[in-house]
Amino acid sequence: FERFRKGLEKSRAAMADRLLTVFRGRRLDDSVFEEMEETLILSDVGVDTAVELVEAIRKEARKRHIERAEDLPEVMADVMAEFLGPPVEMAENPEGPTVVLVVGVNGAGKTTTIGKLAHAYKSQGKRVILAAADTFRAAAIDQLLIWGERVGVDVVRQAQGADPAAVVYDAIQAAKARRCDLVICDTAGRLQNKSHLMNELSKIRKVAERELPGAPHEVLLVIDGTTGQNGLVQARVFKEVVQVTGIVVTKLDGTAKGGIVFPIVREEKIPVKWIGLGEGMDDLQPFDPRMFAEAICR
Ligand code: GDP
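The rules we used
- Residues numbered from 1 in each chain as written.
- Predicted model: local features only at pLDDT ≥ 70, side-chain atom pairs only at ≥ 80, totals over all residues.
- Heavy atoms only, no water.
- UniProt positions renumbered as here; feature names shortened; annotations may be inferred.
- Helix = DSSP H or I, 4+ residues; strand = E, 2+ residues; numbered from the N terminus.
- Contact = heavy atoms within 4.5 Å.
- 1 Å grid on protein atoms, 1.4 Å probe; cavity = no way out; pocket = protein on both sides within 12 Å on 5 of 7 lines; lining within 4 Å.
- Points joined across faces, edges and corners; volume = space filled by probe spheres on them.
- Nonpolar A, V, L, I, M, F, W, Y, C, P; charged D, E, K, R; others polar.
- Core = buried A, V, L, I, M, F, W, Y, C linked by side-chain atoms within 4.5 Å.
- Buried < 20%, exposed > 50% of the residue type's maximum accessible area, 1.4 Å probe, protein only.
- Expected span 1.5 Å × (residues − 1).
- pLDDT = per-residue confidence, 0-100.
- Axes fitted to C-alpha atoms, helices over the stretch in contact; angles between N-to-C directions.
- Parallel < 35°, antiparallel > 145°, perpendicular 65-115°, else oblique.
- Pairing = 2+ DSSP bridges.

An unreviewed UniProt entry lists the protein chain under the name Signal recognition particle receptor FtsY, with Alicyclobacillus vulcanalis as the source organism.

Structure (structure tokens):
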């Protein structure tokens, strides 16, 4: 919980600290809820989601016979945790390697997230292999190699410009031969050409499925938490081209606008599975809705 709290410091300052001064010594009246709504909107919760949340908080406060505004943070945390739903674990393939595709626009934090994931699983004693299937940018391959070295896991790659699906094929073969538990695949993130992206990702899917029935077991969409509504728009495009099973919201340490997680959950209807709270390899946390709500409200 301390990790969550520390990583979300800026969002907490904008939300909990601000509300604390608003609430102090006040009785519950409409103006208190109006200021709450304003605070949520300033934290990137978005107007629709803020209205919905405040309404639920107002109802719950009434139900609990709360009279002092100072007692609201506890109600807020409970309502927000409920809104975000229960934590959802990563899918696992019990019969062989689990294949994870990581998608998202360039710069969202894909490569960093893959490095952190590899570290997290390796620390649990799992054997991990990475696939450099963003073959469009030489820098993407190099970046993944650097992470592979840092974390101590192998990276399967081909030359720049190679067929991404062929890289994924190689990686799955290698994972089977070396009895790996997890194959994490980087993918290209160019949104400029949607049909190209769609072809590329569906070809990767097909190859993965052919080599390992049920693969990819998990498709993680990485969203930069600092890009506000823009991040939501990008998410929509990826959802159109590939079946996303989980979301990673990155860079929440660098922003006071952690409230973006709420509209993501509300609009995407896909569980947030991880959040990025820094650039280091330990700075990826499984998303715990209760901890998240507590960290920003109290
Ligand atoms: P990609 O193009 O999607 O692969 O993005 P990268 O993984 O290269 O990340 C882009 C930048 O964001 C890099 O400078 C990362 O260090 C930084 N970054 C990624 N995740 C986080 C995070 O959770 N917190 C912070 N502060 N920076 C991050």
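**Student:** Describe in detail the UniProt feature "domain: AAA+ ATPase" (unreviewed entry) in the protein chain, supporting the description with residues and values.
**Tutor:** Summarizing the sequence annotation, UniProt attributes the feature "domain: AAA+ ATPase" (unreviewed entry) to residues 96–276 in the numbering used throughout. Along residues 96–276 one finds 45% helix and 21% strand; the C-alpha atoms at either end are 28 Å apart.

**Student:** So, the environment of Gly259: which residues are in play, and what are the values?
**Tutor:** With respect to the helices and strands, Gly259 occurs in the loop between strand S6 (246–250) and helix H11 (261–268). For the pair Gly259 and Ala293, spaced 34 residues apart in sequence, the C-alpha separation works out to 9.7 Å. Residues within four places of Gly259 in sequence aside, it is in contact with Ser43, Asp44 and Val45.

**Student:** Tell me about empty space enclosed by the protein, residues and numbers included.
**Tutor:** Within this structure, the stated rule accounts for 1 cavity of 30 Å³ or more. Within this model, the largest cavity holds a volume of roughly 40 Å³. Around the largest cavity, the lining residues are Gly104, Val105, Ala108, Leu221, Val222, Ile223, Asp224, Gly231, Gln234, Ala235 and Phe238. Looking at side-chain class alone, the lining of the largest cavity contains 7 nonpolar, 3 polar and 1 charged residues.

**Student:** An account of unusual backbone geometry is requested, with residue identities and associated values reported.
**Tutor:** Across the chain, the bulk of peptide bonds are trans and the bulk of non-glycine residues have phi less than zero. Following Ala215, the chain continues to Pro216 via a peptide bond in cis, the omega torsion being -10 degrees. Among the structural elements, Pro216 can be located in the loop between helix H9 (194–211) and strand S5 (218–224). The backbone phi angle of Asp44 is positive, close to 75 degrees, even though this residue is not glycine. By the secondary structure assignment, Asp44 is in the loop between helix H3 (30–42) and helix H4 (47–63). Positioned with a positive phi, Arg179 is a non-glycine residue whose angle comes to about 50 degrees. Relative to the assigned elements, Arg179 resides in the loop between helix H8 (164–177) and strand S4 (182–187).

**Student:** Help me get a handle on the nonpolar core, residues and values and all.
**Tutor:** By size, the foremost hydrophobic cluster in this structure holds 102 residues, and its most contacted members are Met80, Ile184 and Phe292. Counting residues per element, this core draws most heavily on helix H5 (residues 72–84), at 8 residues. What Ile184 contacts, discounting residues up to four positions off in sequence, is Val100, Val102, Ile114, Leu117, Ala118, Val128, Ile129, Leu130 and Ala131.

**Student:** Give a description of helix H10 (residues 229–241) that names residues and reports values.
**Tutor:** Spanning 13 residues, H10 covers 19 Å between terminal C-alpha atoms, matching the ideal 18 Å at 1.5 Å per step. By the burial criterion, the buried members of H10 are Gly231, Leu232, Ala235, Val237, Phe238 and Val241. Against strand S1 (98–103), H9, S5 and H11 lie the buried residues of H10.

**Student:** Summarise the confidence of the model for the protein chain; cite the residues concerned and give the values.
**Tutor:** Here the protein chain averages 94 in pLDDT, and 100% of its residues register 70 or above. With pTM at 0.96, the complex prediction returns an ipTM value of 0.99.

**Student:** Give a detailed account of the packing of H4 against H11, specifying residues and quantitative values.
**Tutor:** Viewed as axis vectors pointing N to C, H4 and H11 meet at an angle of 95 degrees, and their least axial separation amounts to 9 Å. Of the possible angle classes, the one that applies to H4 and H11 is roughly perpendicular. Residues Asp48, Thr49, Glu52 and Leu53 of H4 form the contact with H11, whose own contacting residues are Phe262, Pro263 and Arg266. Among the residues making up the contact of H4 with H11, the classes are represented as 3 nonpolar, 1 polar and 3 charged.

**Student:** Any chance you could break down the sheet that holds strand S8 (residues 284–286) for me, citing the residues and the numbers?
**Tutor:** Across the sheet, which stays open at both edges, the 8 strands sit in the order S3-S2-S4-S1-S5-S6-S7-S8 with mixed pairing between neighbours. Of all strands in the sheet, those with a lone pairing partner are strand S3 (154–156) and S8, marking the two edges. Neighbour-to-neighbour, the strand axes of the sheet open up by a mean angle of 25 degrees, direction not taken into account. Pairing geometry for strand S7 (residues 272–276) and S8, over 3 bridges, is antiparallel. What sits directly across from Trp274, in S8, is Pro286. Strands in contact with helix H7 (residues 138–151) are strand S2 (128–133), S3 and S4; relative to S2, the strand with the most contacts, it is inclined by about 170 degrees.

**Student:** Lay out the layout of surface pockets in plain terms, naming residues and giving numbers.
**Tutor:** Empty pockets left among the atoms are what a rolling probe the size of a water molecule brings to light. By volume, the largest pocket is sized at about 490 Å³. What lines the largest pocket is a set of 24 residues, among which Gln124, Lys273, Trp274, Gln285 and Pro286 lie closest to the centre. No other element matches helix H6 (residues 110–123), which puts 5 residues into the lining of the largest pocket. Its residues placed into classes, the lining of the largest pocket shows 13 nonpolar, 4 polar and 7 charged. Looking at the second largest pocket, its volume works out to about 230 Å³. Tallying contributions element by element places H6 first for the lining of the second largest pocket, with 3 residues. Broken down by class, the residue content of the lining of the second largest pocket amounts to 1 nonpolar, 8 polar and 4 charged.

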